[in-house]
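Here is what each chain is made of, one letter per residue.
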Amino acid sequence: MPFFNSEEERQHGLHQLQQRQKHLIEFCYTVAQKYLFEGKHEDAVPAALHSLRFRRNVHGLSSVELVPAYLLLAEASLGMGRIVQAEEYLSQAQWTVLKSTDCSNATYSLLHRNLGLLYIAKKNNEEARYHLANDIYFSSCAFGTEDTRTSGGYFHLANIFYGLRKLDLADTLYTKVADIWYNYVNDHYQTLLQIRAQKPDLLGKRLVNDTGLDEAQDAEAIRILTSVLNIRESAFTKSPKKIILVLKTLAMLCYLMMKSSKAKEYAIRALTLAQENNNVVEQKIIQEFLNVISAEEDRPAN
């Protein structure tokens, strides 16, 4: 037990400890989320449990701050096929939210999204649709209807309609998801090009992550976009224009994540499709993107 010379030092020590625990809460939460988006459900459990423990230490046993950790554990349980365990974690989350007077729209959104996933696993599409609609509503209130954080609700709802063979509804929602991510990623990519045009000496000296997202959000983006791409490519009526959009988004996203070879692979697939369909405008855009990658590959290492 450390010895403090004064009450001020004791308070400072407690504050420092709390700050470290808050940092660990976010770190463990992000790690668990990343594993979930990568489909590594068992690996997510230890990090989610650590996040829950640190949250209890900092916020107490009945705080609404515990809800995100319960939801991580519920999602991990669903991924491992443990529906009863997932329901237990979701019940704890619901009860905590019910007792809270200051629950944020973002937390309500997360709760409804996970309840939606639970009912998808239980093959109760009506309940799943209800909760995912609520997820989209609360997420839109918190972040806006065109935010990447809202896109997850659209994506899961699209999957339900796709499974029910309501292809027009599914297509509309997949299009919205793709548009949201394209606009977000393209904005970051264009900003990067502008910075480089103003400061050419910065070429090749980017930060490790230029997406504006954390590792978990990067993993979520890749998972959602590759799923949409697979569905687009396997659909009965293929739309080259829609497939090209997703391929371009994935190409830019991978480029911003410093995965140039993967970015090039997606871009070449998009270019080939544009050529096959005589889409001159897209050919020019994609070729310019490939030229940017080639310029970096040709530049000598520092």
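Every value quoted in this text rests on a predicted model; they were computed, and no experiment measured them.

**Quick look at the layout of surface pockets**
And step 1. By volume, the largest pocket amounts to about 750 Å³.
And step 2. Taken together, 36 residues form the lining of the largest pocket, with Tyr29, Gln33, Ala106, Leu110 and Arg149 sitting closest to its centre.
And step 3. For the lining of the largest pocket, the secondary-structure elements that each account for two or more residues are helix 1 (7-37), helix 2 (41-59), helix 3 (67-79), helix 5 (105-121), helix 6 (125-143), helix 7 (148-163) and helix 9 (215-234).
And step 4. For the lining of the largest pocket, a count of residues per class yields 15 nonpolar, 12 polar and 9 charged.

**Observations regarding the pattern of salt bridges**
And step 1. Under the criterion given, the structure shown has 12 salt bridges.
And step 2. Close ionic contact of Lys34 with Glu38 constitutes a salt bridge, the shortest N to O distance being 2.8 Å.
And step 3. The partly exposed category is assigned to Lys34, whose relative accessible area is 23%.
And step 4. For Asp135, the salt bridge identified is with Arg113, shortest N-O distance 2.7 Å. Taken as a pair, Asp135 in helix 6 and Arg113 in helix 5 lie far apart in primary sequence, 22 residues in all.
And step 5. Given a relative accessible area of 0%, Asp135 falls into the buried group.
And step 6. Residues joined in a network through salt bridges with shared partners are Lys34, Glu38 and Lys40.

**Some words on the side chain of Lys248**
And step 1. Relative to the helices and strands, Lys248 is located in helix 10 (residues 240-256).
And step 2. When its relative accessible area of 9% is taken as the criterion, Lys248 is described as buried.
And step 3. Among the polar contacts listed, one links the side chain of Lys248 to the side chain of Glu282, at a separation of 2.9 Å.
And step 4. Sequence-distant contacts of Lys248, defined by excluding residues within four places in its chain, comprise Tyr182, Ala270, Glu282, Ile285 and Ile286.

Calculation notes
Each chain carries its own residue numbering, running from 1 in the written order of its sequence. Per-residue local features of the predicted model are confined to residues with pLDDT of at least 70, and side-chain atom pairs are confined, for both listing and counting, to 80 or more; whole-chain, interface and lining totals are unaffected and use all residues. Hydrogens and water molecules were not included; the side-chain quantities draw on all heavy atoms of the structure. Residues are called lining when one of their atoms sits within 4 Å of a cavity or pocket point, these points coming from a 1 Å grid over the protein atoms alone, where a cavity is a set in which a 1.4 Å probe fits but cannot get out and a pocket is an open set with protein on both sides within 12 Å along at least five of seven lines. Grid points are joined across faces, edges and corners, and a volume is the space filled by probe spheres set on the points. Where helices and strands are cited, they refer to DSSP runs of H or I of at least four residues and of E of at least two residues respectively, numbered from the N terminus. When residues are grouped by polarity, Ala, Val, Leu, Ile, Met, Phe, Trp, Tyr, Cys and Pro land in nonpolar, Asp, Glu, Lys and Arg in charged, and all others, Gly among them, in polar. Criterion for a salt bridge: a side-chain nitrogen of Lys or Arg within 4 Å of a carboxyl oxygen of Asp or Glu. For every residue, the accessible area obtained with a 1.4 Å probe (protein chains only) is divided by the maximum for its type, and the residue is called buried under 20%, exposed over 50%, and partly exposed between those limits. Between N or O atoms, a polar contact is any pair within 3.5 Å; within protein, one atom must be a potential hydrogen donor and the other a potential acceptor, and residues adjacent in sequence are included only when both atoms are from side chains. By definition in these notes, contact holds between two residues if any of their heavy atoms fall within 4.5 Å.

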